[in-house]
Amino acid sequence: MADTSSSLSLPFIQPSQAQKHVTHNEALRILDVVTQLGVLADDQATPPAAPAEGDRYIVGDAATDAWTGHEGQVALYETGVWQYFTPNAGWRAYVTGREALVVHDGTEWIDLDSAELQDIEAFGLGMMSLPNTPFSAKLNAALWTAHYLDDGGDGNLITTVNKEATGNDAGFVFQQDFGTRGLFGLFGSDNLRLATSSDGVAFRDGLIVDAATGIVDQPNLPQFKGVTNFDNYTAADAWTKIAINQTEFNDQNAFDAGTNHFVAPVAGSYFFGAALTFKQNASDQARMGAQMILNGTSVITGSLSEITGPHVSEQTSLQIQCMVSLAAGDTVELQGRLRGFDGYFLADQTSFWGFKVG
């Protein structure tokens, strides 16, 4: 059986040992010294002239007098003499004289805010650092605050995320159970990018700001423009869905050319517009009107309009626009009417368009 413990060198009570209380009390005394260790100073080389019972110091370099040869050890003044304890790696002490926390690295004592800690290979806060993330933290909240003027700072707070070259990444990755769900930063280029993913594999860009121009692009914004590629016949005084059967662009495939209406992919505010061009059949006295219909039944407020003045076939155009709040799955369609006489809405000059604005 060993005589002392491996970490703190606490003396063990041996079998058949006499005066066991002496050994036990010595172990308690050592614990009293090194547990919750606090010292008055850690940079003093000469013992104080009048130490108090229980004073503790970390002996400084080039020690003199009673401390000679005990550099780096914990010195305890007790019962009128100095006693010394050799630290192991991992011992920590609070230095009351300068309000600093120090730790022993196996060779020497270092401040936890010393320059030596600026070159450590890994640091884990609340967890072990991960292999590819030398700084790792496991916590429920974090705060970065500016150093205020009253505290000696300048009141500003700037965080810098740097990369080596244009093709590298610099940004923030947002995850759910370590599966990536969002990106924000400079990924693979110098353009500022905001992207999301539902599976951590396929990513969809919601926002890209061009580094050279500052122009903002929304690659997945629901937007479309559609036209009719044939003359749409309309009976007199009958509201008729305009067959917008061909799209010039149709992001998110929100416009269904088969049913001739827009389908909202997500809830939000949408802006729509349309242009209808008159083509006469039997008479140029027909009066052209237009409206947009929500879910096949309701006229969208502000979309109903009519031209009552003279019409010129293949030239007179009616334009309407409106804004509406839609739920996901709501539909919007364009309808036209010729009052008094039948006629057509001209191919290629009759269009319907829209996009999400909020």
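Enquirer: Honestly, unusual backbone geometry in this entry has me stumped. Any pointers?
Expert: As a rule of thumb, non-glycine residues mostly have phi less than zero, and peptide bonds are mostly trans rather than cis. A positive phi is found at Ala62, a non-glycine position, where the angle reads about 55 degrees. Judged by relative accessible area, Ala62 falls into the exposed class, the value being 59%. A positive phi is found at Asn260, a non-glycine position, where the angle reads about 60 degrees. Locating Asn260 in the fold gives a position in the loop between strand 19 (255-256) and strand 20 (261-263).

Enquirer: Explanation requested: the sheet that holds strand 1 (residues 38-39) in the structure shown.
Expert: Across a sheet, strands are paired by hydrogen bonds formed along the backbone, either parallel or antiparallel in direction. The mixed open sheet is built from 4 strands, whose spatial order is 1-5-6-7. A single partner strand is all that each edge strand has here, and the edge strands are strand 1 and strand 7 (109-111). With 2 bridges joining them, strand 1 and strand 5 (residues 92-95) adopt parallel strand pairing. Bridged to Val39 within strand 5 is Val95.

Enquirer: Would you mind showing me how to read the side chain of Asn250 here?
Expert: Tracing the backbone through its elements, the reader meets Asn250 in strand 18 (residues 246-251). Of the polar contacts made by the side chain of Asn250, one reaches the backbone nitrogen of Ala254; its length is 3.2 Å. Those residues in contact with Asn250, other than ones at most four positions away along the chain, are Gln223, Phe224 and Phe255.

Enquirer: What is the right way to read the environment of Ala327 from this model?
Expert: Within the element layout of this structure, Ala327 appears in the loop between strand 25 (317-326) and strand 26 (331-339). Residue classification places Ala327 among the partly exposed positions, given a relative accessible area of 38%. When the C-alpha atoms of Ala327 and Ser269 are compared, they prove to be 8.9 Å apart, with 58 residues separating the residues in sequence. Apart from the residues lying within four places of it in its own chain, the contact partners of Ala327 are Ala264 and Ala267.

Scoring rules and cut-offs
- Residues numbered from 1 in each chain as written.
- Predicted model: local features only at pLDDT ≥ 70, side-chain atom pairs only at ≥ 80, totals over all residues.
- Heavy atoms only, no water.
- Buried < 20%, exposed > 50% of the residue type's maximum accessible area, 1.4 Å probe, protein only.
- Helix = DSSP H or I, 4+ residues; strand = E, 2+ residues; numbered from the N terminus.
- Pairing = 2+ DSSP bridges.
- Polar contact = N/O pair within 3.5 Å; in protein donor to acceptor, adjacent residues only side chain to side chain.
- Contact = heavy atoms within 4.5 Å.

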